[in-house]
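# Per-entry structural report
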Amino acid sequence: MNFEQRINLVIIDDIKSVVDGLTAIDWDACGITLAGASSNGAEGLELIKCSKPDIVLTDIRMPRMDGLMMMQSLQELQLACKVILMTGYSDFDYAQKAVKLGAFDFILKPFSETEITQAVLRAKEQVLTERSEYLNQKEMERKLRESMPLLRQEYFSLLIHHRTSWSQAAKRWEFLKIELASRGFTVMLFKIDDFEKSISDLPIHEVELIRFSLQNIVEETISKHSKCMVFRDGDQRFAAVLNASTLFTAEEIGERCCQNIERFTKFTVSVGIGEEVDEVHQLPDAYRQAETALAYHLFTDGNGAIGYGNLPKTDRQEPILLEHQKELLLVLRSGNGELAASLLSEMSGKLQSVVPQPNPDYSLSLYEELVASIIRMLYELVPQQEVQPLVDRFKAERAMAGTKLAVLEQQILKLCKGGAELVKSHSLSEGEEMIYKSLKFITSRLDRSLSVSECAAYVHLSPSYYSSLFKRVTGMTLTQYLAGERINKAKKLILDGMSVQDAALAVGYEDRRYFSETFKKLTGKTPSEFRESYESKAAVSPESGQ
């Protein structure tokens with residue numbers, strides 16, 4: 001029999017023969033240990049205090065202290081035991097009082113050994129039931145204590161995604177023993193830089209250990225400055241809700257988290273921080289701000305903190321054009337990977353020089369449009385079975401790398417170079433070679449009038465066939481191509497300091513008004529507005545010293 005099932009019994013009676021008879025019963029066979037016996041109530045009470053039995057078998061009438069007085073003392077001492085009273089018919093009044101005092105059972109004298117044994121076994125069963133319930137309750141309380149940290153984290157995950165009033169949150173706050181003050185919160189979001197790429201070959205238990213370690217570093221760092229709750233917010237992200245620090249700003253605390261993670265692990269994190277809010281119901285607002293700030297790491301190398309309050313404030317996004325996009329597609333059609341790389345670098349530089357920085361989603365959409373155009377063109381020029389592996393690799397790397405503009409640019413560069421090689425591997429038709437030959441002729445004569453007939457004659461084709469072939473190879477008419485090339489050249493001349501009139505003449509426009517209309521149609525700005533926009537950017541750039 002298990003130790004937990006052993007039951008202790010004490011026997012109290014002032015008649016020695018009764019005590020001897022009761023102690024002679026084979027209690028051990030019943031799973032009961034006889035803890036002792038006494039001949040009166042006073043001594044019996046002392047025995048109970050020392051042995052703390054589960055069951056007390058006692059006479060109701062005894063010298064010095066009867067059974068009722070002893071039960072009252074047990075209540076006062078808060079000693080929990082099952083009391084079985086041995087009583088005669090004349091003790092009915094005593095029995096009634098004993099019921100009020102919580103007696104477990106009564107045995108009428110004279111009694112048999114069987115009656116005594118059955119009463120004690122019933123008490124034993126009750127003790128074991130209560131003991132089991134007590135242990136189950138303690139086990140549930142233990143499990144609840146152990147799961148409390150996880151319950152707190154899950155609750156805060158709900159609070160940052162669902163608007164909750166303090167009247168709704170107060171009871172749960174108290175139940176979960178949340179130590180944060182109930183007012184004044186900041187939300188931080190931590191994204192592990194290049195996480196998917198770093199863990200691609202690791203077993204799941206190592207990945208979980210890494211996540212736990214990084215979360216623990218964040219929690220320990222913030223806890224030195226403020227009360228906080230740190231919890232998962234997806235596979236690559238953690239969220240932290242903290243009260244305001246009296247010594248450091250949220251951005252400074254976020255930077256310390258970055259420094260500690262870089263110091264103690266091989267990983268880095270990007271941090272986005274929302275502005276401080278007063279009430280619990282404002283946590284979803286702070287969370288969205290933190291997400292917006294985190295998105296601006298598109299323009300950084302990560303390993304740093306960006307606060308929502310430091311983001312550029314604009315009502316609307318000014319239109320941005322990726323310059324050289326059409327030229328890039330034409331270059332790819334020719335299979336020139338090196339020139340494509342040069343154009344991509346120029347496009348990247350122009351985008352990064354935009355002041356203020358555009359919304360990250362806007363910048364991503366520009367590159368996504370460029371990628372879509374490149375992939376469409378490759379499907380048109382190269383058999384699908386050859387281009388598909390290149391496209392699949394690009395998509396896989398894109399999903400693995402996360403959102404960093406520099407990484408995305410490198411991926412597009414690989415796509416362009418790989419695509420150019422595929423295009424180059426397929427020899428150009430004679431007609432396509434003639435069109436590319438004519439493009440050089442056109443570029444050298446942008447300062448004069450050019451007709452379809454003149455360009456067709458240069459490569460010995462009829463004007464109608466040349467026009468059809470030109471559109472198929474370049475994707476545009478000769479007039480559209482000429483206008484685009486002339487305006488691109490004019491932009492460079494204007495930025496180099498040439499007057500608008502001279503720039504118009506240099507690219508074949510004698511009528512300045514018509515030149516300005518064409519310029520605005522293709523760029524969205526007049527030549528003067530275009531020059532002023534670059535001059536204003538130069539005035540506010542860091543290099544200007546302003």
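Okay, so let's go over this structure.

What counts, and at which threshold
- Residues numbered from 1 in each chain as written.
- Predicted model: local features only at pLDDT ≥ 70, side-chain atom pairs only at ≥ 80, totals over all residues.
- Heavy atoms only, no water.
- 1 Å grid on protein atoms, 1.4 Å probe; cavity = no way out; pocket = protein on both sides within 12 Å on 5 of 7 lines; lining within 4 Å.
- Points joined across faces, edges and corners; volume = space filled by probe spheres on them.
- Helix = DSSP H or I, 4+ residues; strand = E, 2+ residues; numbered from the N terminus.
- Nonpolar A, V, L, I, M, F, W, Y, C, P; charged D, E, K, R; others polar.
- Expected span 1.5 Å × (residues − 1).
- Buried < 20%, exposed > 50% of the residue type's maximum accessible area, 1.4 Å probe, protein only.
- Arc of directions from axis to C-beta.
- Contact = heavy atoms within 4.5 Å.
- Salt bridge = Lys/Arg side-chain N within 4 Å of Asp/Glu carboxyl O.
- Phe/Tyr/Trp six-rings, centres within 6.5 Å; stacked < 30°, edge-to-face > 60°.
- Lys NZ or Arg CZ within 6 Å of the ring centre and 35° of its normal.

A volume near 550 Å³ is recorded for the second largest pocket. Taken together, 19 residues line the second largest pocket, and the ones lying closest to its centre are Glu327, Leu339, Thr443, Tyr481 and Glu485. Sorting the residues of the lining of the second largest pocket by element identifies helix H11 (325-333), helix H16 (430-443) and helix H19 (478-495) as the ones contributing at least two each. Its residues placed into classes, the lining of the second largest pocket shows eight nonpolar, five polar and six charged.

Let us look at helix H8 (residues 204-223). Spanning 20 residues, H8 covers 28 Å between terminal C-alpha atoms, matching the ideal 28 Å at 1.5 Å per step. Within H8, burial applies to Val207, Ile210, Arg211, Leu214, Gln215, Ile217, Val218, Thr221 and Ile222. On an axial view of H8, the arc spanned by its buried residues comes to 155 degrees, and they lie on one face. In H8, those exposed residues whose orientation departs by more than 90 degrees from the buried face are His205, Leu209 and Phe212.

Before going further, it helps to examine the side chain of serine 363. Relative to the elements of secondary structure, serine 363 occurs in helix H13 (residues 360-381). Look past the residues within four positions of serine 363 in its chain and what remains in contact with it is Leu298, Phe299 and Pro358.

We now examine the pattern of salt bridges. Taken as a whole and assessed by the stated rule, the structure comprises 16 salt bridges. The salt bridge involving arginine 131 is made with aspartate 54; its shortest N-O contact spans 3.3 Å. Pair noted here: arginine 131 is in helix H5 (residues 113-159) and aspartate 54 is in the loop between helix H2 (41-51) and strand S3 (55-59), with a separation of 77 residues, a long-range link. A salt bridge links glutamate 279 to arginine 183, with the shortest nitrogen-to-oxygen separation between them at 2.2 Å. A residue pair is termed long-range when its members are at least 10 positions apart, and glutamate 279 in the loop between strand S9 (269-273) and helix H10 (283-295) and arginine 183 in the loop between helix H6 (166-175) and strand S6 (185-192) qualify at 96 residues. A relative accessible area of 22% means that glutamate 279 is categorised as partly exposed.

Counted according to the given criterion, the structure contains 14 aromatic pairs. Between tryptophan 166 and tryptophan 173 the ring centres are 5.2 Å apart and the planes differ by 70 degrees, which places this aromatic pair in the edge-to-face class. Their ring planes at 75 degrees and their centres at 5.7 Å tell us that phenylalanine 470 and tyrosine 481 sit as a pair that is edge-to-face. Residue phenylalanine 470 is found in helix H18 (residues 463-474), and its partner tyrosine 481 is found in helix H19; the two are separated by 11 residues along the sequence. Under the relative-accessibility criterion, phenylalanine 470 is labelled buried at 1%. The class of tyrosine 481 is buried, set by a relative accessible area of 7%. Following the ring pairs from residue to residue traces out a cluster consisting of Tyr155, Phe156, Trp166, Trp173, Phe185 and Phe231. The ring of tyrosine 458 carries the charged tip of lysine 437 above its face, separated from the ring centre by 5.8 Å.

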